[in-house]
Amino acid sequence: MMDKAMLTVRFDRHGGPEVLRFETAEIPAPRPGAVRIRVKALGLNRAEALMRSGAYIETPSLPSGLGLEAAGIVDALGDGVVGFEPGDAVSVIPAISMAASPTYAEYISVPANRVVKHPADLTWNQAAAAWMQYLTAFGALVETARLRRDDKVVITAASSSVGLAAIEIANIVGAMPIAVTRGSAKRQALLDAGAAHVIATETEDLGLRLRQIAGPAGVRVVFDPIGGPIFEPLTDAMARGGMLIEYGGLSGLPTPFPLPSVLGKSLTLRGYLVHEITGVPERLETAKQFILDGLASGKLQPTISKCFPFDRIVDAHRYLESGAQFGKIVVTM
């Protein structure tokens, strides 16, 4: 019988949200160089639904844990840890491997170099909802595309947490964020979030609207997690020497290679993973400082779509897959 037990979430087969199940486990001892955190909130990401369903870039051994983001209170320190004290409010930089370092648990042990003291006025929910989307958008737009003032940047899936983060970061840089979404119901919310223009693809011609907005000069940067048929209108509207950054494949449909545009405009089509930032200490430190400065100043404000209690994490995953959210889904402990 365990004296110190906690609840954790695991899955032993791939499938829908219903494969998630609670298990009782021993509270982990903080490893050398690690911080044990009593979790207060979790941020949910599309990557977690993909790994649960068997469609992620990481294929875990089953049964497996899940989760990339968390915020909570430092509970104990492993040997050699400096800079943290029990009681500190902290959040977690997403691990490269969810299977190796899952966050869906009441207590987690995390290497100290992935633990951040976030601004004191950030709520638990905001802290748990910050790192994945801001690291993803910063790495793609600032580090990779070198987004600059007056650039026009197209942001598809704009109502996602990463899309909203990209809008905020584009505005910090001084670029023009052009938000692309399916329906018009989220148009005003996207404008309120800082988009300069919103294109609803169910009722508007994407290529035509982009040409109207960008003019003959075209769009220099496209930030897309969808792929599929929209590649052609997106690249048709791009500027000579422009860059399309692809960080997902949500469409599920074949993605045509837009040969005429790529050749005629010398375009760069670039695959991107957030691991390019989180896996390189120097790049991660630069990104962390940008994000912490933005959170402290209020220029970065995580948008919370909906909160679920921990015992309803299956419902939270169902909502994640519905596509109804505007921003981040958070699970509270």
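Preceding this section is the structure that the text describes.
Parameters at a glance
- Residues numbered from 1 in each chain as written.
- Predicted model: local features only at pLDDT ≥ 70, side-chain atom pairs only at ≥ 80, totals over all residues.
- Heavy atoms only, no water.
- 1 Å grid on protein atoms, 1.4 Å probe; cavity = no way out; pocket = protein on both sides within 12 Å on 5 of 7 lines; lining within 4 Å.
- Points joined across faces, edges and corners; volume = space filled by probe spheres on them.
- Helix = DSSP H or I, 4+ residues; strand = E, 2+ residues; numbered from the N terminus.
- Nonpolar A, V, L, I, M, F, W, Y, C, P; charged D, E, K, R; others polar.
- Buried < 20%, exposed > 50% of the residue type's maximum accessible area, 1.4 Å probe, protein only.
- Pairing = 2+ DSSP bridges.
- Axes fitted to C-alpha atoms, helices over the stretch in contact; angles between N-to-C directions.
- Parallel < 35°, antiparallel > 145°, perpendicular 65-115°, else oblique.
- Contact = heavy atoms within 4.5 Å.
- Phe/Tyr/Trp six-rings, centres within 6.5 Å; stacked < 30°, edge-to-face > 60°.

## Here we look at empty space enclosed by the protein
To locate leftover empty space, one rolls a probe as large as a water molecule over the atoms. As enumerated under the stated definition, the model contains one cavity of 30 Å³ or more in all. Taken as a whole, the largest cavity encloses approximately 40 Å³ of empty space. Of all the elements in the fold, those that place two or more residues in the lining of the largest cavity are helix H3 (131-144) and helix H4 (161-173). Of the residues forming the lining of the largest cavity, the biggest block, four residues, is contributed by H4. A class-by-class count of the residues in the lining of the largest cavity yields four nonpolar, four polar and two charged.

## Describing the layout of surface pockets
Empty space within the largest pocket amounts to approximately 1,300 Å³. Taken together, 45 residues make up the lining of the largest pocket; nearest its centre are Arg-46, Ala-157, Ser-160, Pro-225 and Leu-250. Taken together, the elements giving at least two residues each to the lining of the largest pocket come down to helix H1 (46-53), H3, H4, strand E9 (176-181), helix H11 (313-322) and strand E15 (328-332). In terms of residue class, the lining of the largest pocket is built from 21 nonpolar, 18 polar and six charged.

## Brief notes about the pairing of strand E12 (residues 238-246)
Among the nine residues that make up E12, seven are buried, leaving the element largely enclosed by the rest of the structure. Both strand E11 (residues 219-224) and E12 contribute to a ladder of five bridges, which runs parallel. Opposite Val-219, over in E12, you have Met-238 as the bridge partner. Here E12 pairs with strand E13 (residues 268-271) via four bridges, running parallel. Across the sheet, the residue bridging to Ile-245 is Arg-270, located in E13.

## Section: the packing of H1 against H11
One way to put it is that H1 packs onto H11 with a least axis distance of 10 Å and a crossing angle of 105°. Put simply, H1 runs roughly perpendicular to H11. Contact with H1, carried on its side by Arg-46, Glu-48, Ala-49 and Arg-52, involves His-317, Leu-320 and Glu-321 of H11 and no other residues of that element. Its residues placed into classes, the contact of H1 with H11 shows two nonpolar, one polar and four charged.

## Quick look at the packing of aromatic side chains
Per the counting criterion, the structure on display carries four aromatic pairs. Judged by centre distance (4.3 Å) and plane angle (20°), the ring pair of Phe-223 and Tyr-247 falls under stacked. Here Phe-223, found in strand E11, pairs with Tyr-247, found in the loop between E12 and helix H8 (259-265); they are 24 residues apart in sequence, far enough to count as distant. Each member of the pair, Phe-223 as well as Tyr-247, is classed as buried. With a centroid separation of 5.9 Å and an interplanar angle of 50°, the aromatic rings of Phe-308 and Tyr-319 are classed as tilted. With Phe-308 in strand E14 (residues 304-309) and Tyr-319 in helix H11, the pair connects residues that are 11 residues apart, well separated along the chain.

## Looking at H11
The complete set of buried residues in H11 reads Ile-313, Val-314, Ala-316, His-317, Tyr-319 and Leu-320. Contact partners of the buried residues in H11: strand E1 (5-10), strand E2 (21-26), strand E3 (34-44), H1, E14 and E15.

All we've got here are geometric facts, nothing functional implied.
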